[in-house]
Amino acid sequence: MSTPDEIAAAAAVLREGGLVAFPTETVYGLGADARNPVAVERLYAVKGRPAWHPVIVHLGDASQLHTYGVDVPDWANALAATFWPGPLTLIVHRAPGVVCDAATGGLNTVGLRVPYQPVALELLRAFGGGVAAPSANRFGRVSPTSADDVRHDLGADVDVILDGGPCMVGVESTIVDCTSGRARVLRLGGITVAELTHALGEAPEVVQRDASEGDAIEGVRAPGTIASHYAPRAEVVLVNADAIVVRAQALLEAGVAVGVLTMGDVALTDVPAALEVLDQPATVAEYAQVLYQRLRDADRRELGVLLVVAPEDEGLGAAVVDRLRRAAADA
Ligand code: TXA
Ligand code: MG
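The structure reproduced in this document is the subject of the present report. (Residues numbered from 1 in each chain as written. Chains lettered and ligands numbered in written order. Predicted model: local features only at pLDDT ≥ 70, side-chain atom pairs only at ≥ 80, totals over all residues. Heavy atoms only, no water.)

## Focus: the side chain of asparagine 137
Structurally, asparagine 137 is set in the loop between strand 7 (131-132) and helix 6 (147-154). Reaching out from asparagine 137, the side chain makes a polar contact with the backbone oxygen of arginine 141 at a distance of 3.1 Å. (Helix = DSSP H or I, 4+ residues; strand = E, 2+ residues; numbered from the N terminus. Polar contact = N/O pair within 3.5 Å; in protein donor to acceptor, adjacent residues only side chain to side chain.)

## Focus: the site of ligand 1
Near ligand 1 there are 27 residues, and of these Thr26, Arg49, His58, Ser173 and Arg187 occur at the shortest range. Arginine 113 places a polar side-chain atom, nitrogen or oxygen, 3.0 Å from an oxygen atom of ligand 1. Separating an oxygen atom of ligand 1 from a side-chain N or O atom of serine 173 is a distance of 2.5 Å. When isolated, ligand 1 has an accessible area of 680 Å², and the protein chains bury 99% of it. For the shell around ligand 1, the secondary-structure elements that each account for two or more residues are strand 3 (56-58) and strand 6 (109-113). Taken together, the residues of the shell around ligand 1 sort by class into 12 nonpolar, 9 polar and 6 charged. (Near = heavy atom within 4 Å. Areas by Shrake-Rupley, 256 points an atom, 1.4 Å probe, with all protein chains shown as cover. Nonpolar A, V, L, I, M, F, W, Y, C, P; charged D, E, K, R; others polar.)

## Points about the nonpolar core
Ranked by size, the top nonpolar core spans 73 residues in total, and within it Leu30, Leu88, Leu90, Leu112, Val176 and Leu291 carry the most contacts. Ignoring anything within four residues of it in the chain, the contact list for leucine 90 reads Ala76, Leu79, Ala80, Trp84, Val110, Gly111, Leu112, Val176 and Cys178. Ranked by size, the runner-up nonpolar core spans 16 residues in total, among them Ala11, Val13, Val20 and Ala133. (Core = buried A, V, L, I, M, F, W, Y, C linked by side-chain atoms within 4.5 Å. Buried < 20%, exposed > 50% of the residue type's maximum accessible area, 1.4 Å probe, protein only. Contact = heavy atoms within 4.5 Å.)

## Things to note about the layout of surface pockets
Roughly 280 Å³ of volume is contained in the second largest pocket. Along the wall of the second largest pocket there are 14 residues; nearest its centre are His152, Asp153, Arg233, Arg296 and Asp299. Of all the secondary structure elements, the ones that give two or more residues to the lining of the second largest pocket are helix 6 and helix 9 (284-300). The element contributing the most residues to the lining of the second largest pocket is helix 6, with 4 residues. (1 Å grid on protein atoms, 1.4 Å probe; cavity = no way out; pocket = protein on both sides within 12 Å on 5 of 7 lines; lining within 4 Å. Points joined across faces, edges and corners; volume = space filled by probe spheres on them.)

## Description of the environment of glutamate 6
Note on placement: glutamate 6 falls in helix 1 (residues 4-15). You can call glutamate 6 partly exposed: its relative accessible area is 41%. For the pair glutamate 6 and leucine 123, spaced 117 residues apart in the sequence, the C-alpha separation amounts to 9.5 Å. Here the side chain of glutamate 6 touches threonine 3 through a polar contact of 2.8 Å, landing on its backbone nitrogen.

## What about the pairing of strand 9 (residues 174-177)?
Along strand 9, one buried face is formed by Thr174 and Val176 and the opposite face, lined by Ile175 and Asp177, is buried too. Pairing of strand 9 with strand 10 (residues 184-187), which is carried by 3 bridges, proceeds in the antiparallel orientation. Within strand 10, the position partnered with aspartate 177 by the bridge is arginine 184. Hairpin connection between strand 9 and strand 10: a loop of 6 residues separates the two successive antiparallel strands, and glycine 181 in this loop has a positive phi of roughly 95 degrees. (Pairing = 2+ DSSP bridges.)

## Here's the deal with the pattern of salt bridges
Throughout the structure, instances matching the rule amount to 16 salt bridges. Here glutamate 205 makes a salt bridge to arginine 184, at a shortest N to O gap of 3.9 Å. Residue glutamate 205 is located in strand 11 (residues 205-206), and its partner arginine 184 is located in strand 10; the two are separated by 21 residues in the primary sequence. Taking the relative accessible area as the measure of exposure, arginine 184 reaches 12% and is therefore buried. Glutamate 276 serves as the salt-bridge partner of arginine 301, at 2.7 Å between the closest nitrogen and oxygen. (Salt bridge = Lys/Arg side-chain N within 4 Å of Asp/Glu carboxyl O.)

## Focus on the environment of leucine 112
Relative to the elements of secondary structure, leucine 112 occurs in strand 6. Spatially, the C-alpha atom of leucine 112 lies 21 Å from that of alanine 194, the residues being 82 residues apart in sequence. The contact partners of leucine 112, leaving out residues within four places of it in the chain, are Ile56, Val57, Leu59, Leu65, Tyr68, Gly69, Trp84, Leu88, Thr89, Leu90 and Val92.

## Re the sheet that holds strand 15 (residues 305-308)
Strand order across the open sheet formed by 4 strands is 12-15-13-14, with parallel pairing between neighbours. Of all strands in the sheet, those with a lone pairing partner are strand 12 (235-238) and strand 14 (276-277), marking the two edges. Where strand 12 and strand 15 come together, 4 bridges link them in parallel fashion. Among the inter-strand pairings, valine 236 is bridged to a residue of strand 15, identified as leucine 306. In this fold helix 8 (residues 244-253) packs onto strand 12, strand 13 (258-261) and strand 15, with an angle of close to 175 degrees to the strand it touches most, strand 15. (Axes fitted to C-alpha atoms, helices over the stretch in contact; angles between N-to-C directions.)

## Here's the deal with helix 4 (residues 74-83)
The complete set of buried residues in helix 4 reads Ala76, Leu79, Ala80 and Phe83. Viewed along the axis of helix 4, the buried residues span an arc of 95 degrees, placing them on a single side of the element. Turned more than 90 degrees away from the buried face of helix 4, the exposed residues are Asp74 and Ala81. Buried residues belonging to helix 4 abut helix 3 (65-68), strand 5 (88-94), strand 9 and helix 7 (193-200). (Arc of directions from axis to C-beta.)

Honestly, it's all geometry; don't read function into it.
In structure tokens:
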């Protein structure tokens, strides 16, 4: 766990234009001073991310919404008041001069979020300004949910890696576009659609395009949609629980190393001895929390195929299902 001194030193590194990986409640982020174009360009280079793709600007205090955003509708203010600090990103029209063009991919909008993870908040408050931070993984790969994951993925390319232990939510923030007159969910995540509906007094439009890094969002200059994302090297195959044994048997006979990921309430009986059963989450919240660790486990065990039984497609489970579909999609 990083100490207050280490966090203060990391804020100074940000001020000097360095790159700081830091924990949030969702996933670890790779941060740079959002006003510094040289730092943000280095951030994009380390991630291997196309320059047109905007990053989320992280803030230490919800009141900064009005420094960084303009023409923020009342209902978006209400979302910030309800869910910040927390796993919600709001896309708003951006105020002039507060972040460099590189951070928003040249768009006139900006994605803002105040995380609740204590190390993140301390870093952001010590730094004072906006910190541009995508997830601290290479483009298209599984997001990191521990400091070790970041060290493994980005290692020496980062100036500082702060450690806040494992991420509590485990999937990225929910992204809500607040620039079109009504709330549009661009990425499912840590705040559920039901929670948003409750705060808004009406259901948001769920555009369900995500997302992260490679995908096209309306208004973002993207060449096309890339469904495949959050992908481990192992092939992810979504199956029904009753198909696990047959599918596993066939793959094992073909010489493929096979694992299975399901919730703990799925009874695994008569499974072949060679089938690697990954640790089973007991609840949907735990499924979200450990999802990226299990995808990484598949690679650590050098599996060829990971059979996955998805949770129910509702509440936080909807974000898990979304990530699993992307992990399973062909590139
Ligand atoms: O939970 C999270 O959101 C994590 C942690 C580190 O905060 N961050 C994260 O960042 O997932 P990233 O870069 O992997 O995904 C950011 C998403 C991308 O899909 C990007 O297109 C969208 O946010 N985004 C950012 N600014 C935007 C804007 N102005 N308009 C539309 N989409 C935007
Ligand atoms: Mg990402």
